[in-house]
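Examination of the molecular architecture
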Amino acid sequence: MTIIISAQAQDELFEKIDGTPQSNDPDDELDITCKYPQASGEGHYRRVKLRQSLVLDIHSHQHCDNLIIKRIDHPHPLEFWFMLSGHWRESSPWAVNETKAGQYGFHGSGMIVKGEDEFFEGWQLSMSVTFEPELLQSFIGNSSGEIPKALQHLVREPNQPLHFRSNLMTPMMQYNVQRILHCPYQGIIKRTYLEGKALELLALLLEQEAEIQMGSRTPKPLKPGTLERILYARDLLLQQLDNPPSTAELARLVKLNEYALKRGFLQVFGKPLFAYLHDYRLEQARQLLETGEMKVSEVAKEIGFASRNHFAAAFRKKFGVNPKEYLMQRKHYL
């Protein structure tokens, strides 16, 4: 079953939600959570106004049916989002754009033209950041506010169709999104932390966009079958942190030759196979230390480091602090 509703009716449903927004932080009145209207799904969204023109939204909700929202022409600020689960598609007379789990989407500023937004049945978890062109100009513009030529297409007049880009999230993007979703702070420290992570994500996206526009990075998606095998290889690799398969064995398991596996993995995840595994191990270690439930030596063994000294050196190189010191810091906050 598919539910079809106008954008105006959708806005009215949100205005009629019973109850007032709930505060997530007693020291921050600009950090609130609201329920989704039952007609649109079941769940909630969190909104944090980091500054006047920078807003962070986290959506977590369940669609029991496909939902189509019919929209009219309207101006839109810049926005980027990361889809952790779910599937969204927008269509217009000129194009069909979509974002699936594991991908990011990027809207420049300009006009969103008349068309449809379709949210597919199932659970959706996504995070988005919206901001005005003036904020972008303040960060990357020259003394006259002019944006570099490779990024000027991101800022268009309110009556011009906006730019859209979607692609796979890189490991660094995934890392920063998870840090936002699991921010451990409150009050002013939280706001500073979240803004820093949001701007770091923006920098990663702008870097990719500039490279694409300048021709140094050509976004040529892998064939669906190859992409599935690359993702399967990643899963197999992470299932055996303490004793991962060799490149040759992994290639055999996913039915790719070694060259195609290594090239495809680098294209999808932005890092060679075992550099990705190394970073994943350290990120898992950091999360285990955050719980305060395991000793450093236990964490090292859990993620596949035979030597505690090698683990400590690798952890310090990546995070700038020894694992024991990090553990003590986290226990202080718990």
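Our subject in this report is the structure included herewith. All figures in this text were calculated on a predicted structure; none of them were measured in a lab.

**Some words on the pattern of salt bridges**
Counted by the stated rule, this structure contains 18 salt bridges. Here Glu195 ties to Arg51 by a salt bridge, and the two come within 2.3 Å at their closest N and O atoms. Placement of Glu195 in helix 4 (residues 187–214) and of Arg51 in strand 4 (residues 42–51) is noted, with a sequence separation of 144 residues between them. Here Glu195 falls in the buried class, since its relative accessible area comes to 15%. Assessed through its relative accessible area of 35%, Arg51 is described here as partly exposed. With its nearest N and O atoms 3.9 Å apart, the salt bridge here joins Arg89 to Glu118. Here Glu118 lies in strand 13 (residues 115–119) and Arg89 lies in strand 9 (residues 87–91), a separation of 29 residues in the sequence.

**Focus: unusual backbone geometry**
The backbone of Lys255 sits at a positive phi, close to 60°, despite the residue not being glycine. Looking at the element boundaries, Lys255 is found in the loop between helix 6 (247–254) and helix 7 (258–269).

**A short note on the sheet that holds strand 8 (residues 78–85)**
Pairing in this open sheet of 8 strands is antiparallel, and the strands run 2-3-4-5-14-8-11-15 from one edge to the other. The sheet is open, and its two edges are formed by strand 2 (22–23) and strand 15 (164–168), each paired on a single side. Of the strands in this sheet, strand 4, strand 5 (54–63), strand 8 and strand 14 (122–131) touch helix 2 (residues 133–140), which is tilted by about 65° from strand 14. Those strands touched by helix 3 (residues 171–181) are strand 5, strand 8, strand 11 (103–107) and strand 14, and its axis lies near 85° from that of strand 8.

**Quick word on the sheet that holds strand 13**
Either a parallel or an antiparallel arrangement is found when strands of a sheet pair, and the pairing is made through backbone hydrogen bonds. Reading across from one edge, 1-6-13-9-10 is the order of the 5 strands in this open sheet, with mixed pairing throughout. Single-partner strands in this sheet number two, and they are strand 1 (2–6) and strand 10 (96–100). Here the average twist between neighbouring strands, direction ignored, is 15°. Looking at chain direction, strand 6 (residues 66–71) and strand 13 are connected through 5 bridges and run antiparallel. Of the residues in strand 13, the one forming a bridge with Arg71 is Gly115.

**Regarding the packing of helix 8 (residues 273–291) against helix 10 (residues 308–319)**
Running from N to C, helix 8 and helix 10 cross one another at 90°; their axes reach a closest spacing of 10 Å. Classified by the angle between their axes, helix 8 and helix 10 sit roughly perpendicular to one another. Contacts from His278, Asp279, Leu282, Glu283, Ala285, Arg286 and Leu289 of helix 8 reach helix 10 at Phe311, Ala314, Phe315, Lys318 and Phe319. Looking at the contact of helix 8 with helix 10, its residues break down into 7 nonpolar, 1 polar and 4 charged.

**Brief notes about the side chain of Arg165**
Structurally, the position occupied by Arg165 is in strand 15. A polar atom in the side chain of Arg165 sits 3.0 Å from the side chain of Glu209.

Procedures and definitions
Residue positions within a chain follow its written sequence, with the count starting from 1. Totals for whole chains, interfaces and linings use every residue, but because this is a predicted model, local features are given only for residues with pLDDT of at least 70 and side-chain atom pairs only at 80 or more, for both listing and counting. Based on all heavy atoms of the structure, the side-chain values leave hydrogens and waters out of the count. Salt bridge criterion: a side-chain nitrogen from Lys or Arg within 4 Å of a carboxyl oxygen from Asp or Glu. Each helix is a run of DSSP H or I of at least 4 residues and each strand a run of E of at least 2, with the numbering of both proceeding from the N terminus. Relative accessibility under 20% of the residue-type maximum defines a buried residue, over 50% an exposed one, and the middle range a partly exposed one, all with a 1.4 Å probe and only protein chains included. Here, a strand pair is defined by DSSP locating no fewer than two bridges between the strands. The contact definition used throughout considers only heavy atoms, calling two residues in contact when any of these lie within 4.5 Å. In this analysis an axis means a line fitted to C-alpha atoms, helices contributing only their contacting stretch, and an angle means the value between N-to-C directions, from 0 to 180 degrees. Any angle that falls under 35 degrees is termed roughly parallel, while one over 145 is termed roughly antiparallel, one within 65 to 115 roughly perpendicular, and all others oblique. Think of it as three bins: nonpolar holds Ala, Val, Leu, Ile, Met, Phe, Trp, Tyr, Cys and Pro, charged holds Asp, Glu, Lys and Arg, and polar takes everything else, Gly as well. For the purposes of these results, a polar contact is taken to be a pair of N or O atoms within 3.5 Å, where, inside protein, one atom must be able to donate a hydrogen and its partner to accept one; residues adjacent in sequence count only when each atom of the pair is a side-chain atom.

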